[in-house]
Amino acid sequence: MFQDRKEYRKNFNAEGQLFVGGETLQLNCYDVSLKGAMVEVSPGDLLTTIQDFEALLNEDRQAEIFVAELMLAGEVDIVWVKRERNRIMMGLEFRDVVHNAHKLWRKRRGYRKLEGFKAELFIDKERFSVEGVNRSVEGMCLKLTGDHPCIKINAPVKLLAAELGLSALGKVVWVESNELVTRLGLQLVIVK
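Residues numbered from 1 in each chain as written. Predicted model: local features only at pLDDT ≥ 70, side-chain atom pairs only at ≥ 80, totals over all residues. Heavy atoms only, no water.

For the protein chain, the name recorded in an unreviewed UniProt entry is PilZ domain-containing protein, with Methylomonas methanica as its organism.

See the structure below:
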């Protein structure tokens, strides 16, 4: 019986987020195994129909997942997408996933991907050229040379990252600075 199954699958219901196609979608995870999961995704602003999801799969199958209840975060490949009883269902295959994510990611609410990129940061009337250190669905860590007193916690910012196709409004949530380098954490509030 149990030995006949290729892998153990657990049925339950857990909510989470899937970052795919440039937006964050809410999901319900119904079925999970060691290799992947079956989820129902809620339509977003860009990905609203099954046809949108199918078109996306022709271009890119990669996504990022975070399910707090399972303490699961990481990168997945979308294996299939289908419409089932007016729901959009997806099959996900785990690629680089961390279990017990709350401990390993220091209680962050989402998965952080290490990724270098260049961006422009606007605070008040100042413009800064910054480098991306890592990013998640909800924010990112940036660094720039020198000490900049105008970069303060809760300062509203605008960010333009052309290579990511990202234009966003947000706020500074933490700052570490010395005379050589400033590192800061941004929370993204509105992503365009």
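Novice: It is not clear to me how the packing of aromatic side chains should be interpreted in this structure. Could you clarify?
Specialist: One pair of aromatic rings is described through two measures. These are the centre distance and the angle between the planes. Evaluated as defined, the whole model comprises zero aromatic pairs. A cation over a ring is seen here: lysine 82 above tryptophan 80, with NZ or CZ 4.8 Å from the ring centre. (Phe/Tyr/Trp six-rings, centres within 6.5 Å; stacked < 30°, edge-to-face > 60°. Lys NZ or Arg CZ within 6 Å of the ring centre and 35° of its normal.)

Novice: Honestly, the pairing of strand S4 (residues 62–67) in this entry has me stumped. Any pointers?
Specialist: Consecutive residues of a regular strand have side chains that alternate between opposite faces of the sheet. Most of S4 is tucked away: five of the six residues are buried. Pairing analysis gives six bridges linking S4 to strand S5 (residues 72–84), with the strands arranged antiparallel. From the neighbouring strand, glutamine 62 faces S5, where its bridge partner is aspartate 77. Counted between consecutive antiparallel strands, the loop separating S4 from S5 contains four residues, among which methionine 71 sits at a positive phi close to 50°. (Buried < 20%, exposed > 50% of the residue type's maximum accessible area, 1.4 Å probe, protein only. Helix = DSSP H or I, 4+ residues; strand = E, 2+ residues; numbered from the N terminus. Pairing = 2+ DSSP bridges.)

Novice: It is not clear to me how the nonpolar core should be interpreted in this structure. Could you clarify?
Specialist: Soluble globular proteins tend to pack their nonpolar side chains together in the buried interior. Leu18 and Met90 are the most contacted members of the largest nonpolar core, which has 26 residues in total. Breaking this core down by element, the ones donating at least two residues are strand S1 (9–20), strand S2 (23–33), strand S3 (36–41), helix H1 (50–59), S4, S5 and strand S6 (87–99). Beyond its immediate stretch of four places on either side in the chain, leucine 18 contacts Glu23, Thr24, Leu25, Leu27, Val41, Ala63, Glu64, Ile65, Val76, Met90 and Leu92. Membership of the second largest hydrophobic core comes to 20 residues, among which are Phe117, Val130, Leu144 and Ala155. (Core = buried A, V, L, I, M, F, W, Y, C linked by side-chain atoms within 4.5 Å. Contact = heavy atoms within 4.5 Å.)

Novice: Would you mind going over the pattern of salt bridges with me for this structure?
Specialist: For the structure on display, the rule yields seven salt bridges. Salt-bridge contacts for glutamate 40 lead to arginine 87; the nearest nitrogen and oxygen are separated by 3.7 Å. With glutamate 40 in strand S3 and arginine 87 in strand S6, this residue pair connects regions lying 47 residues apart in the sequence. With a relative accessible area of 18%, glutamate 40 lands in the buried category. (Salt bridge = Lys/Arg side-chain N within 4 Å of Asp/Glu carboxyl O.)

Novice: In this structure, what is going on with the pairing of strand S11 (residues 166–177)? I would like to understand it.
Specialist: Direction of pairing for strand S10 (residues 156–161) relative to S11: antiparallel, over a ladder of six bridges. When the bridges of S11 are listed, leucine 159 appears paired with alanine 168. Connecting S10 to the next strand, S11, in antiparallel fashion are four residues, including glycine 165 with a positive phi near 65°.

Novice: Teacher, can you tell me more about unusual backbone geometry here?
Specialist: The bulk of non-glycine residues show a negative phi, and the bulk of peptide bonds are trans. Even without glycine at this site, aspartate 124 takes up a positive phi of about 55°. Turning to its location among the elements, aspartate 124 is positioned in the loop between strand S7 (113–123) and strand S8 (126–135). Judged by its relative accessible area of 68%, aspartate 124 falls in the exposed class. The phi angle at asparagine 154 is positive, at roughly 75°, despite the residue not being glycine. Take asparagine 154: it is sitting in the loop between strand S9 (139–145) and S10.

Novice: I tried to follow a nonpolar patch on the surface on my own but got confused; where do I start?
Specialist: Taken together, the side chains of Leu169, Val189 and Ile190 present a nonpolar region at the surface, about 250 Å² in accessible area. Along the chain, leucine 169 turns up in strand S11. Residue class for leucine 169 comes out partly exposed when judged on its relative accessible area of 32%. (Patch = residues over 30% accessible without salt bridge, like charges linked within 9 Å, V, L, I, M, F, W, Y side chains within 5 Å. Areas by Shrake-Rupley, 256 points an atom, 1.4 Å probe, with all protein chains shown as cover.)

Novice: Is there a simple way to think about the environment of glutamate 15 in this case?
Specialist: With respect to the helices and strands, the residue glutamate 15 is situated in strand S1. Given a relative accessible area of 62%, glutamate 15 falls into the exposed group. Put simply, glutamate 15 and leucine 27 are twelve residues apart on the chain and 5.7 Å apart in space, counted from C-alpha to C-alpha. Ignoring any residue separated from it by four or fewer positions in sequence, one finds glutamate 15 in contact with Leu27, Asn28, Val67, Ala68 and Glu69.

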